[in-house]
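This is what each chain is made of:
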Amino acid sequence: MANVVKKHSISFELAQKMVDEAVAKAREIGVSENVAILDDGGNLKAFGRMDGAPIPTIEMAQNKAYTALLGVSTQDFFNFIQSDPSLLAGIPTLARMAAWGGGFPIKLNGEAIGVSGAPMVQNDVDCATAALALVSDAVPGGLNS
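Residues numbered from 1 in each chain as written. Predicted model: local features only at pLDDT ≥ 70, side-chain atom pairs only at ≥ 80, totals over all residues. Heavy atoms only, no water.

Asker: Please clarify how the overall build of the protein chain should be interpreted in this entry.
Answerer: Each helix and strand counted, the protein chain has 5 helices and 4 strands in total. Secondary structure elements in the protein chain, listed N-terminal to C-terminal, are α-β-β-α-α-α-β-β-α. Against the 2.2 N^0.38 benchmark of 15 Å for 145 residues, the protein chain shows a C-alpha radius of gyration of 15 Å, consistent with a compact globule. With the C-alpha coordinates of the protein chain rotated into their principal frame, the extents come out at 50 × 40 × 25 Å. Within the protein chain, buried positions represent 44% of all 145 residues. Relative to all contacts within the protein chain whose residues are 6 or more apart in sequence, the contacts with residues 24 or more apart total 64%. Here the protein chain displays about 7700 Å² of accessible surface, and carbon together with sulfur accounts for 56% of that area. Seen as two clouds, the 10 positive and the 15 negative side-chain charges of the protein chain have centres 6 Å apart. (Helix = DSSP H or I, 4+ residues; strand = E, 2+ residues; numbered from the N terminus. Rg over C-alpha atoms; globule rule 2.2 N^0.38 Å. Buried < 20%, exposed > 50% of the residue type's maximum accessible area, 1.4 Å probe, protein only. Contact = heavy atoms within 4.5 Å. Areas by Shrake-Rupley, 256 points an atom, 1.4 Å probe, with all protein chains shown as cover. Lys, Arg positive; Asp, Glu negative; His and termini not counted. Charge placed at Lys NZ, Arg CZ, Asp CG, Glu CD.)

Have a look at this one:
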């Protein structure tokens, strides 16, 4: 079986618990969020949409998670591309890319979480961080932490 690669993945149960934890944090701080967990192929694994969370932020949450599959938080990704005008102009035009806070890798070479819907990006970050606390080997800031 030399041509077979084993990979590890969080379970659906853990992904759903992460969604629930992010929602609990959102309730605590008084915001409505969309929470998306994607597998390493960018496919939706778990999702939650709180009552009142803006419709456009459903896609934004998924895009934040998709971008975090690069192995860095979406905020770190923005910090990286903002120093290069061609990247800053080009990267955001790519489908499914999001360059603002609220997306985090869950594990290196693994899944990612994206949270969107609150009036301030820091709220999205706080809710995602609460969910990441459930994963013992999560990568809170990505490769640059």
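From this point, the discussion proceeds with the structure in view.
Asker: I keep staring at the pairing of strand β1 (residues 34–38) and nothing clicks. Help me out?
Answerer: For a regular strand, side chains alternate in direction, first toward one face of the sheet and then toward the other. Within β1, 5 of the 5 residues are buried, which leaves the element mostly enclosed by the surrounding structure. Here β1 shows two buried faces, one formed by N34, A36 and L38 and the other by V35 and I37. With 5 bridges joining them, β1 and strand β2 (residues 44–49) adopt antiparallel strand pairing. Each residue of the ladder has a partner; that of L38, found in β2, is L44. Turn length for the β1-β2 hairpin, with the two strands adjacent in sequence and antiparallel, is 5 residues, and the turn residue G42 shows positive phi of about 85°. (Pairing = 2+ DSSP bridges.)

Asker: Which parts of the structure should I look at to understand the nonpolar core?
Answerer: Nonpolar side chains tend to gather and get buried jointly when the protein is soluble and globular. In this structure, M18, V35, I37, I106 and I113 are the most contacted members of the largest nonpolar core, which totals 23 residues. Counting only elements with at least two residues in this core, the list comes to α1 (12–29), β1, β4 (112–116) and α5 (121–132). Per-element accounting of this core gives the leading share, 6 residues, to α1. Grouped together as the second largest cluster of nonpolar side chains are 6 residues, I81, I91, M97 and A99 included. (Core = buried A, V, L, I, M, F, W, Y, C linked by side-chain atoms within 4.5 Å.)

Asker: Any chance you could explain the sheet that holds β4 here in plain terms?
Answerer: Each strand in a sheet pairs with its neighbour through backbone hydrogen bonds, running either in the same direction (parallel) or in the opposite one (antiparallel). With respect to topology, 4 strands assemble into an open sheet ordered β2-β1-β4-β3, the strand pairing being antiparallel. The sheet terminates laterally at β2 and β3 (103–105), the two strands that pair on one side only. The average undirected angle you get between the axes of adjacent strands in this sheet is 10°. Pairing analysis gives 3 bridges linking β3 to β4, with the strands arranged antiparallel. Looking at β4, one finds that F104 is bridged to I113. Strands β1 and β2 of the sheet are contacted by α1, whose axis makes an angle of about 25° with β2. Sitting on the sheet, α5 is in contact with β3 and β4, with an inclination near 145° to β4. (Axes fitted to C-alpha atoms, helices over the stretch in contact; angles between N-to-C directions.)

Nothing here speaks to function; it is geometry throughout.
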